[in-house]
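Close look at the chain arrangement
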Amino acid sequence: MKKDKMDFDDTETADDLNKAFVDEFGDLSDDEIDELYQNTFGKTAQ
Amino acid sequence: MADYKQLREAIDKKLSTDPEFRTIVKRINGGRATFIDTERYAQITARAVSRELSAEVLDLSDREGITTQILRDSYEDINSTCARVQRAMDEKAGIHIRPQQEDFPTERVQQFTHSLVDPTVEDSVIKRRARAGSDTIVKSAHDDFIRKNATFRNDAGLTCYIIREGSNCCEWCSSVAGKYKFGTQPDDIFRRHDNCDCTIIYDGQVLRGQLNLDGVTRNTTWQQIGDVPAEYEPTSFTQEQAKELERSNLQRFRGVNSLSSKPGKSDSALANMDFINSSAYADKFKGKYANSDVENAVVSACRQIIKNRNGTFYEEAFFIDANTGKTISYIKGKQKNGIEMSDKLKKRLTKSPDNSIIMVHNHPNSSPFSTEDYSTSAKYSSLYETIACGHNGDVYSFRNTFGTQGATTNFGSEAVREYHIAYQKHKRDNTDFVARHKSWDSVSENRGFDYEKR
């Protein structure tokens, strides 16, 4: 369940971002993340 | 089914309501513009075209024909605008050379429009191609003008310099950035990758004397002006070198102005007030707004907030009228690292005209935007811009985020989902804040809104 956030909430940490990713996609390998990135953005990172 | 007229009107409306675009047009009409302005003119035009085309491409009655006409309109408009600016500059310098205009790149555009009717790919790929391809072609109108005229004027006897300024988009662009005497520039100085926002202009106002018959020496009847050496040499750092440089630069603040002994204060939220109050900081906002009143109001808001919250993790926000610079609302955050808007303010944001309000707030730890910053910005069409000013002097800007979130997912919106994906990719080779910055770059390009780190 999404916790209450302020309208412009800047409490987000690196751990929060990592947890959000794992919650949605699971614990993916680097190759799987690369494939997901490629499918989402249609290119490799620059 | 959408036709040419509808698409044309949508693009024109986008441009006519963009305050920065209007400012540039005023400068062009007043004869005060430079190629920095025309480059920006081309970039804003490219974004408007690419966004609207991507939104409508699947519904166009004649996808190839309408796209070609739209691109031709933009190409000719940018060429003629550059020519106007060139003539105004030449008149001031007493130079009488007719600006050269490049031909419309018919073959390239044909290849592009043909890719939009490819039956073997999904609709999402067509939309992405429409956005990226049209953006690059429209921007190339400016590059083509620059290349053609730099070559022509160099041959006519003017000393020309090609100047490429990077926009921090990638290492390759940083490596070719610089000022080059014409003829010494890298072969691929005009090359761009998708979504490249580097500025490429030329400086060709200096007469160096007519070429003599030997083809080598020049007539000294005209006043000789010495060659100006290239002044810009970009320096590239590895991550380790950058961290060490940052550590040694920050070392001079430790113990000199420590706030950690004061209740509620923290060194990690310490602001670099010398820089914040400098003209270099104000330059980050120059030319970005409808007029100087708005520009000054935004700069003052950043300075005031950072001064008020220097050394603390509390935030404040100004909501500023994007046309007049007047303050509409001012909030002090009651909890650390965030701002909560009243229902009255939210109602005002909902009812105000599109693109009429600028929101300015501080980030005490100087981080890039959070996902909540984006989500809130994207809710209100009245928000022309959301700014986060870091206590270290970094400034982050969102524009045109309204309506770009996409569908709601179990964990937020599609845009936030994309941000999380991009972050996992970028964090591997970058620090946390750089990864967040690059992730917003990726998402803004993919979803069609404007993001900038100044």
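Residues numbered from 1 in each chain as written. Chains lettered and ligands numbered in written order. Predicted model: local features only at pLDDT ≥ 70, side-chain atom pairs only at ≥ 80, totals over all residues. Heavy atoms only, no water.

Side note on the sheet that holds strand S9 (residues 395–399) of chain B
Residue and element names in this part refer to chain B.
- Strand order across the open sheet formed by 6 strands is S5-S4-S7-S8-S9-S12, with mixed pairing between neighbours. Sheet topology places strand S5 (327–336) and strand S12 (450–453) at the edges, where each strand pairs with a single neighbour. Recorded for the sheet is a direction-independent mean angle of 15° between the axes of neighbouring strands.
- Along the sheet face, helix H12 (residues 343–351) touches strand S4 (314–321), S5, strand S7 (357–363) and strand S8 (383–390) and points at about 135° away from the line of S5. (Pairing = 2+ DSSP bridges. Helix = DSSP H or I, 4+ residues; strand = E, 2+ residues; numbered from the N terminus. Axes fitted to C-alpha atoms, helices over the stretch in contact; angles between N-to-C directions. Contact = heavy atoms within 4.5 Å.)

Some points on the environment of B:Asn323
Residues and elements named next belong to chain B.
- Looking at the element boundaries, Asn 323 is found in the loop between S4 and S5.
- For the pair Asn 323 and Ile 357, spaced 34 residues apart in sequence, the C-alpha separation works out to 8.2 Å.
- Not counting chain neighbours up to four residues away, the residues in contact with Asn 323 comprise Arg 22, Asn 291 and Val 294.

Focus on unusual backbone geometry
All names here are of chain B.
- One non-glycine residue, Asn 355, lies in the positive phi region at around 55°.
- Residue position: Asn 355 is located in the loop between H12 and S7.
- With phi around 65°, Ser 366 is a residue other than glycine that occupies positive phi space.
- With respect to the element layout, Ser 366 can be found in the loop between S7 and helix H13 (371–377).
- Overall, Ser 366 belongs to the buried group, its relative accessible area being 8%. (Buried < 20%, exposed > 50% of the residue type's maximum accessible area, 1.4 Å probe, protein only.)

A look at the pattern of salt bridges
- Applying the stated rule across the entire model yields 29 salt bridges over all chains.
- The shortest N-O distance in the salt bridge between B:Lys346 and A:Asp7 comes to 3.4 Å. Of this pair, B:Lys346 sits in helix H12 while A:Asp7 is found in the segment before strand S1 (8–9), placing the two residues in two different chains.
- On the basis of relative accessible area, B:Lys346 is assigned to the partly exposed category, the value being 22%.
- A residue is classified by how much of its surface remains accessible, and A:Asp7, at 8% relative accessible area, is buried.
- Note that A:Lys19 is salt-bridged to A:Asp23, the shortest N-O span being 2.9 Å. In this pair, A:Lys19 and A:Asp23 both sit in helix H1 (residues 14–25), 4 residues apart, roughly one turn of the helix.
- Salt bridges sharing common partners tie together B:Glu20, B:Arg40, B:Lys288, B:Glu385, B:Arg399, B:Glu452 and B:Arg454. (Salt bridge = Lys/Arg side-chain N within 4 Å of Asp/Glu carboxyl O.)

Details of the packing of helix H14 (residues 414–426) of chain B against helix H15 (residues 432–447) of chain B
Residue and element names in this part refer to chain B.
- The contact between H14 and H15 brings their axes to 8 Å, and the two run at 135°. In this view, H14 runs oblique relative to H15, as classed from their interaxial angle. Along this stretch, H14 crosses H15, giving a crossing that reads as right-handed. Of the residues in H15, those touching H14 at Glu 414, Ala 415, Glu 418, Tyr 419, Ala 422, Tyr 423 and His 426 are Asp 432, Ala 435, Arg 436, Lys 438, Ser 439, Trp 440, Ser 442, Val 443, Asn 446 and Arg 447.
- The residue inventory of the contact of H14 with H15, partitioned by class, reads 7 nonpolar, 4 polar and 6 charged. (Parallel < 35°, antiparallel > 145°, perpendicular 65-115°, else oblique. Left-handed = near helix turned anticlockwise from the far one by under 90°. Nonpolar A, V, L, I, M, F, W, Y, C, P; charged D, E, K, R; others polar.)

Considering the packing of helix H2 (residues 19–29) of chain B against helix H3 (residues 35–56) of chain B
Residues and elements named next belong to chain B.
- In the contact formed by H2 and H3, the axes pass within 10 Å of each other and the chain directions differ by 140°. As summarised for this structure, H2 and H3 are arranged oblique, according to the angle between their axes. H2 and H3 meet at a crossing whose hand is left-handed. Of H3, the residues touching H2 (which contributes Glu 20, Phe 21, Ile 24, Val 25, Arg 27 and Ile 28) are Asp 37, Arg 40, Tyr 41, Ile 44 and Thr 45.
- Class assignment for the residues of the contact of H2 with H3 results in 6 nonpolar, 1 polar and 4 charged.

A closer look at H15(B)
Residue and element names in this part refer to chain B.
- Between its first and last C-alpha atoms H15 spans 22 Å; for 16 residues at 1.5 Å apiece the expected length is 22 Å, and the two agree.
- Those residues of H15 not exposed but buried are Ala 435, Arg 436, His 437, Ser 439, Trp 440, Ser 442, Val 443, Ser 444, Glu 445 and Asn 446.
- Two residues or fewer past H15, Gly 448 is found with a positive phi of approximately 80°. (Expected span 1.5 Å × (residues − 1).)

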